[in-house]
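Fold and contact review
Take a look at the letters that make up each chain.
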Amino acid sequence: MEVPALNLKAIVFVHWLLTIFACIFPGWLPGAYYLSNFSVLAMGVWAVAQRDSVDSIFMFMVGMVVTIVLDILLLALFYAGAEQGSEKSSLRDLFRFSGGMAILSLILKPLSCFFTYHMYLERGGECNLNLGFITVSRDRSTYQTIDHTDTPTEQDKLPSRY
């Protein structure tokens, strides 16, 4: 099955928009959420700007994985308290929208990591994983190219005509 082509600009834009929407309600998310998500988005902009860089797309992908874990922790720790604080407020619906956008961003991040991983492989990145007896590698040194033509031997050569 072929992975559909998805533009890295679209991934960065969608996560930027969802992060902005998650930050609309003031003060319910800690500074770590802002710092981690906007730092990863900066790495995404770097990956968009340098189209051939394997390092930039790898850093963006690893940053997305780290923010998945961090977002789970921060939402688990701060959502319930902020929800109780906003119940009597006139901004209750704004908090629900903001929380929903943070959760939607978290749900979309594994999918974005999947597409980013395929972009990483397209840019020439290698997947080398060694877990003891399990080894995953994209080593292609033993493959023979099919476009290579052998040089003719002496008996195959035709005499030259003068």
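Residues numbered from 1 in each chain as written. Predicted model: local features only at pLDDT ≥ 70, side-chain atom pairs only at ≥ 80, totals over all residues. Heavy atoms only, no water.

Re the confidence of the model for the chain
- Looking at the chain, the pLDDT average stands at 84 and 75% of residues meet or exceed 70.
- Here strand β2 (residues 134–136) stands out as the least confident element of the chain, with mean pLDDT 55; helix α1 (residues 8–22) is the most confident, with 95. (pLDDT = per-residue confidence, 0-100. Helix = DSSP H or I, 4+ residues; strand = E, 2+ residues; numbered from the N terminus.)

A short note on the side chain of serine 86
- Position of serine 86 among the secondary structure elements: in helix α3 (residues 54–86).
- Residue serine 86 is classed as buried on the basis of its relative accessible area of 1%.
- Look past the residues within four positions of serine 86 in its chain and what remains in contact with it is Phe25, Arg92 and Phe95. (Buried < 20%, exposed > 50% of the residue type's maximum accessible area, 1.4 Å probe, protein only. Contact = heavy atoms within 4.5 Å.)

A short note on α3
- At phenylalanine 78, α3 shows its largest kink, close to 35°.
- Capping the start of α3 is the job of one residue whose side-chain oxygen sits 3.5 Å from the backbone nitrogen of aspartate 55: serine 53. (Bend = angle between axes of the 7 residues up to and from the residue. Polar contact = N/O pair within 3.5 Å; in protein donor to acceptor, adjacent residues only side chain to side chain.)

Focus on the nonpolar core
- One finds Leu8, Trp28, Tyr33 and Phe60 to be the most contacted residues of the largest nonpolar core, which totals 28 residues.
- Secondary-structure elements contributing two or more residues to this core are α1, α2 (31–49), α3 and α4 (92–122).
- The contact partners of leucine 8, leaving out residues within four places of it in the chain, are Gly44, Ala47, Val48, Ile57, Phe60, Met119 and Arg123. (Core = buried A, V, L, I, M, F, W, Y, C linked by side-chain atoms within 4.5 Å.)

Some thoughts on the packing of aromatic side chains
- A full pass over the atoms with the stated rule returns 10 aromatic pairs.
- Aromatic pair tyrosine 33 and tyrosine 34: ring centres 6.5 Å apart, planes at 80°, arrangement edge-to-face.
- Ring centres 5.2 Å apart and planes at 35° place the aromatic pair tyrosine 79 and phenylalanine 95 in the tilted group. On the criterion of sequence distance, the pair formed by tyrosine 79 in helix α3 and phenylalanine 95 in helix α4 is long-range, its members being 16 residues apart.
- Relative accessible area serves as the criterion here: at 1%, phenylalanine 95 is assigned to the buried category.
- By way of ring pairs, the aromatic residues Phe25, Trp28, Tyr79 and Phe95 are connected into one cluster. (Phe/Tyr/Trp six-rings, centres within 6.5 Å; stacked < 30°, edge-to-face > 60°.)

Points about the pattern of salt bridges
- The tally for this structure, following the rule as stated, stands at one salt bridge.
- The partner of aspartate 71 in a salt bridge is lysine 109, and the shortest N-O contact between them spans 2.6 Å. Within this pair, whereas aspartate 71 is found in helix α3, its partner lysine 109 is found in helix α4, the two being separated by 38 residues in sequence.
- With relative accessibility at 0%, the residue aspartate 71 sits in the buried group.
- The exposure class of lysine 109 is buried, given its relative accessible area of 2%. (Salt bridge = Lys/Arg side-chain N within 4 Å of Asp/Glu carboxyl O.)

Observations concerning empty space enclosed by the protein
- Under the counting rule described, the total for this entry stands at one cavity of 30 Å³ or more.
- Taken as a whole, the largest cavity encloses approximately 50 Å³ of empty space.
- Looking at the largest cavity, the residues that line it are His15, Thr19, Asn37, Val40, Leu41, Met64, Thr67, Ser105 and Lys109.
- Taken together, the residues of the lining of the largest cavity break down into three nonpolar, five polar and one charged. (1 Å grid on protein atoms, 1.4 Å probe; cavity = no way out; pocket = protein on both sides within 12 Å on 5 of 7 lines; lining within 4 Å. Points joined across faces, edges and corners; volume = space filled by probe spheres on them. Nonpolar A, V, L, I, M, F, W, Y, C, P; charged D, E, K, R; others polar.)

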